[in-house]
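# Structural description and commentary
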Amino acid sequence: MPPLAQTHSHAMDSTRTFVKDVKRLVVKVGTAVVTRSDERLALGRLGSLCEQIKELNSQGYEVILVSSGAICIGRQRLRYRKLVNSSFADLQKPQVELDGKVCAAVGQNSLMALYDTLFSQLDVTSAQLLVTDNDFNNKDFRKQLNETVKSLLSLKVIPIFNENDSVSTRKAPYEDSYGIFWDNDSLAALLALELKADLLVLLSDVEGLYSGPPSDPQSKLIHTYIKEKHQGGITFGDKSRVGRGGMTAKVNAAVNASNAGIPVVITSGYAAQNILKVLQGERVGTLFHKEAHLWLPLKEVGARDMAVAARESARRLQALSSGERRKILLDIADALEENEKLIKNENDADVAEAEEAGYERPLLARLALNPGKISSLARSIHLLANMKDPIGNVLKRTEIADGLILEKTSSPLGVLLIVFESRPDVLVQIAALAIRSGNGLLLKGGKEAKRSNAILHKVITDAIPDKVGGKLIGLVTSRDEIPDLLKLDDVIDLVIPRGSNKLVSQIKESTKIPVLGHSDGICHVYVDKSANTEMARQLVLDAKVDYPAACNAMETLLVHEDLVQTGGLDQFIADLQTKGVTLYTGPRAGRLLKIPRATSLHHEYNSMACTVEIVHDVYEAIDHIHKYGSAHTDCIIAEDKAVVEVFQHQVDSAAVFHNASTRFCDGARFGLGAEVGTSTSRIHARGPVGVEGLLTTRWILKGSGQVVNGDKGVVYTHKDLPL
């Protein structure tokens, strides 16, 4: 029996699944999903729906489909037929609305023909079952319904239900107060109960239930509907543009079904794979569950409260003296060294589990805390502690007018959210920087480092005094927290992702909070014809092999064309291959060398591999870097000062080096004490981001009773004053 993974609510992450194993599910697809805005069939969405049902069918799930859309499709076809058969004079007459029952009869035939065609292409058989409200008053009908559906499902046939609107005796089905069901949403809920389904999925034209109309920017997606929290506080928009229901009908159906013990998820039928995602435990749409009210206390101490607690603790931290903040850092450094063995044991367990899971070597390299790493981190924290206190420094003093002094001062940003993959040492560096800069911090590490992150977080927060509080640094352990955190733009001030291009891109697309970071570390080393060859050989090797998984490792070697004739290129290739580096070539180098072509010149290997390309001169090297690089770190090896000046002046990257390995682009090596990451952004901070990148400014005005009063009698001096 295929398991339904865990609940949408993070409170269920460790102790509760939202239902027992799911075997049978009812999927309801609304008219707005079945049809386009012009009332024609939405073939792409229907195709995706059928493919998902085929996949579930092959996995052993029993899927029952409830499909709307017949009336809309029939109306569109009959309007077209009427138009074709009408004279010009007929078209001038007032147009009478088509009978909905006739539309249903015509449209149902077309709808089922399409389902039959689509499912047949997938080697799946479907069956049509039309029901009316009165049918369910008949006990024998209900018994036969169960037997028929049971037989169909045993044959892996997909039953497709719809209300038989063409013969319905109700004049206004959606508005009638009597009846067993009123629309296909309530029909789906009724069938889920009658056929003993384990789950009901209602597909809509929006992501789920919102706190207000989805078109309102202030509306928030509700991941878990809790009656005690949300009833009465939700403003519904218009009902469906084409069907009888809308979100009000779906919520009513979902509440009724969930109260009867069947979990319900309302999610988008527009998004691909959403049914599969629900069954894989991904957090999509809105969940309705009978026990949701029991999750309320756990939910309330989640994302928002974690961020608010971090801000409150940060304000207490800022209120301490510089010496007290310094002592916290020194205590953390001592605690890390005292617990080194315990930290190493937890990290070894993470590495062993990752190896067993088949993770690639670059990730394993980033995950491991090698011998001496804890001591190195402790030294970095000592360096931070001994730096000048960055908080409250006067950066500029101006006399506005006589006796009116304005000061521009450094100030913490507030609350930082750091999302990082693999590297547990990042947790230590960022925690130290946050404390030094007076910021609150939320951390979300990769699951592959969960033990390492947990022990490091405990060691660090245990060293923070109670008058500040360990909630200064929150560790997010549930995957479900991240979407919530990224929406908290009112309590989180900056997001810093540390990880893959995919991670950074996803975060940038999912939040209104400013994001600081880089997507790729495609670093270039250009060896000019004027380079000292022996120096170049050492620098090229160091840039690639010192730590290949780092974002500041060389990914592309650019060589001046003259070095092909002098043998310099051959030396670089031999050196790299001797060290075990796999080489790929660009177009020009590929014509000369018997080395495979690179699939892309914009590629970050993060491993013992790199691209080699030949360029005409420094200008072509610069053009190549701008076209294929990531504006992270780029280096020139040359002795010609004019060439060096051109390179360093024109290469538009966060760090541009001359005769030095790209591996030097690091906060600790720059003397920043530590870094939260390297930013390729051009706003706020660029390059390795240390304490200064986590600060903003405030204006402090000191007066002696001055008033503006239309600027009368005020003599502005705007005089710069010494700090």
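Residues numbered from 1 in each chain as written. Predicted model: local features only at pLDDT ≥ 70, side-chain atom pairs only at ≥ 80, totals over all residues. Heavy atoms only, no water.

## Overview of the overall build of the protein chain
- Tallying secondary structure elements over the protein chain gives 26 helices and 24 strands in all.
- A burial count over the protein chain gives 53% of its 723 residues as buried.
- The contacts of the protein chain with a sequence gap of at least 6 include a subset with a gap of at least 24, amounting to 73%. (Helix = DSSP H or I, 4+ residues; strand = E, 2+ residues; numbered from the N terminus. Buried < 20%, exposed > 50% of the residue type's maximum accessible area, 1.4 Å probe, protein only. Contact = heavy atoms within 4.5 Å.)

## Some details on the environment of Val-564
- Here Val-564 is to be found in helix α22 (residues 562-566).
- In sequence terms Val-564 and Leu-592 are 28 residues apart; their C-alpha atoms lie 9.3 Å from each other.
- Not counting residues within four places of it along the chain, the set of residues in contact with Val-564 comprises Leu-569, Leu-592 and Ile-614.

## A look at the side chain of Ser-380
- Tracing the backbone shows Ser-380 in helix α16 (residues 373-385).
- Non-local contacts of Ser-380, meaning those with residues more than four positions away in its chain, are made with Ala-668 and Gly-673.

## Some points on the nonpolar core
- Of all hydrophobic cores here, the largest spans 52 residues; its most connected members are Leu-336, Ile-435, Leu-441, Leu-443 and Ile-473.
- Top contributing element to this core by residue count: helix α17 (residues 425-437), with 9 residues.
- Leu-336 has contacts with Ile-343, Ile-374, Ile-381, Val-428, Leu-456 and Val-459, leaving out every residue within four places of it along the chain.
- With 35 residues, the next largest nonpolar core counts Ile-64, Ala-188, Ala-197 and Leu-209 among its residues. (Core = buried A, V, L, I, M, F, W, Y, C linked by side-chain atoms within 4.5 Å.)

## Side note on helix α25 (residues 618-628)
- Within the span of α25, buried status applies to Val-618, Ala-621, Ile-622, His-624 and Ile-625. The arc that holds every buried residue of α25, seen down its axis, measures 160°, which confines them to one face. Residues of α25 that are exposed and point more than 90 degrees away from the buried face comprise Asp-623 and Lys-627.
- In this fold, the buried residues of α25 make contact with β15 (523-527), β16 (554-560), β18 (609-615), β19 (633-637) and α26 (641-650).
- The N-terminus of α25 is capped by Asp-617, whose side-chain oxygen sits 3.2 Å from the backbone nitrogen of Tyr-619. (Arc of directions from axis to C-beta. Polar contact = N/O pair within 3.5 Å; in protein donor to acceptor, adjacent residues only side chain to side chain.)

## Digging into the sheet that holds β18
- One open sheet accounts for 6 strands, arranged β17-β18-β16-β15-β19-β20; its pairing is parallel. Here the strands that pair on one side only, and so sit at the sheet edges, are β17 (582-585) and β20 (655-658). When the angles between neighbouring strand axes are averaged without regard to direction, this sheet yields 20°.
- As paired elements, β16 and β18 share 5 bridges and run parallel to each other. Within β18, the residue paired with Thr-556 across the bridge is Thr-611.
- Where α25 meets the sheet, it contacts β15, β16, β18 and β19, and its direction lies at approximately 170° from that of β15.
- Sitting on the sheet, α26 is in contact with β15, β19 and β20, with an inclination near 170° to β20. (Pairing = 2+ DSSP bridges. Axes fitted to C-alpha atoms, helices over the stretch in contact; angles between N-to-C directions.)

## Regarding the sheet that holds strand β23 (residues 695-702)
- Strand order across the open sheet formed by 4 strands is β23-β10-β9-β24, with antiparallel pairing between neighbours. The strands lining the two open edges of the sheet, one partner per strand, are β23 and β24 (716-721). Neighbour to neighbour, the strand axes of the sheet diverge by 25° on average, direction disregarded.
- Bridging between strand β10 (residues 404-412) and β23 involves 8 bridges; their strand directions are antiparallel. Its bridge partner being in β23, Ser-411 is matched across the sheet by Thr-696.

## So, the packing of aromatic side chains
- Taken as a whole, this structure holds 6 aromatic pairs when the rule is applied.
- Seen from their ring centres, Phe-136 and Phe-141 are 5.4 Å apart, and the 80° between their planes marks the pair as edge-to-face.
- You can call Phe-136 buried: its relative accessible area is 3%.
- For Phe-141, a relative accessible area of 23% gives the class partly exposed. (Phe/Tyr/Trp six-rings, centres within 6.5 Å; stacked < 30°, edge-to-face > 60°.)

## Side note on the environment of Asp-623
- Here Asp-623 lies in helix α25.
- As a C-alpha pair, Asp-623 and Val-651 span 28 residues in sequence and 8.6 Å in three-dimensional space.

## Here we look at unusual backbone geometry
- Of note in the backbone geometry, Asn-659 takes a positive phi value of approximately 50° without being a glycine.
- With respect to the helices, strands and loops of the structure, Asn-659 is situated in the loop between β20 and β21 (677-679).
- Even without a glycine there, the phi angle at Asp-711 is positive, about 65°.
- With respect to the secondary-structure elements, Asp-711 resides in the loop between β23 and β24.

## Notes on the pattern of salt bridges
- If you walk through the whole model with that rule in mind, you get 26 salt bridges.
- For Arg-311, the salt bridge goes to Asp-493, with nearest N and O atoms at 2.8 Å. Residue Arg-311 is found in helix α12 (residues 303-319), and its partner Asp-493 is found in the loop between α19 (481-486) and β14 (494-498); the two are separated by 182 residues along the sequence.
- A relative accessible area of 17% means that Arg-311 is categorised as buried.
- As a salt-bridge pair, Glu-407 and Arg-397 come within 3.1 Å of each other at their nearest N and O atoms. With Glu-407 in strand β10 and Arg-397 in strand β9 (residues 394-401), this pair connects stretches of sequence that are 10 residues apart.
- Arg-397 gets classed as partly exposed once you look at its relative accessible area, which sits at 23%.
- Bridged by salt links that share partners, the residues Lys-28, Asp-185 and Lys-250 form one connected network. (Salt bridge = Lys/Arg side-chain N within 4 Å of Asp/Glu carboxyl O.)

## Focus on the state of the cysteines
- Under the defined criterion, the tally for this structure stands at 0 disulfides.
- Considering cysteine sulfurs only, Cys-551 is the nearest to Cys-523, which forms no disulfide, with 6.7 Å between them. (Disulfide = S-S within 2.5 Å.)

## Looking at the side chain of Ser-411
- Mapped onto the elements of the fold, Ser-411 is located in strand β10.
- With relative accessibility at 10%, the residue Ser-411 sits in the buried group.
- For Ser-411, the residues in contact, after removing those within four places along its chain, are Leu-695, Thr-696, Thr-697 and Arg-698.

## Thoughts on helix α9 (residues 247-259)
- Here α9 spans 18 Å end to end across 13 residues, near enough to the 18 Å set by a 1.5 Å rise per residue.
- On its buried face, α9 is in contact with β1 (24-29), α7 (184-194), β5 (199-204), β7 (264-268) and β8 (286-288).
- Gly-261 lies just past α9 and shows a positive phi near 105°. (Expected span 1.5 Å × (residues − 1).)

## A few points about the packing of helix α14 (residues 340-356) against helix α18 (residues 450-462)
- Contact geometry for α14 and α18: axes closest at 7 Å, N-to-C directions at 160°. In this view, α14 runs roughly antiparallel relative to α18, as classed from their interaxial angle. Between α14 and α18 the crossing geometry is left-handed. Taking contact as the criterion, the partners of Leu-342, Ile-343, Glu-346, Asn-347, Ala-349, Asp-350 and Glu-353 in α14 are, on α18, Lys-450, Arg-451, Ser-452, Ile-455 and Leu-456. (Parallel < 35°, antiparallel > 145°, perpendicular 65-115°, else oblique. Left-handed = near helix turned anticlockwise from the far one by under 90°.)

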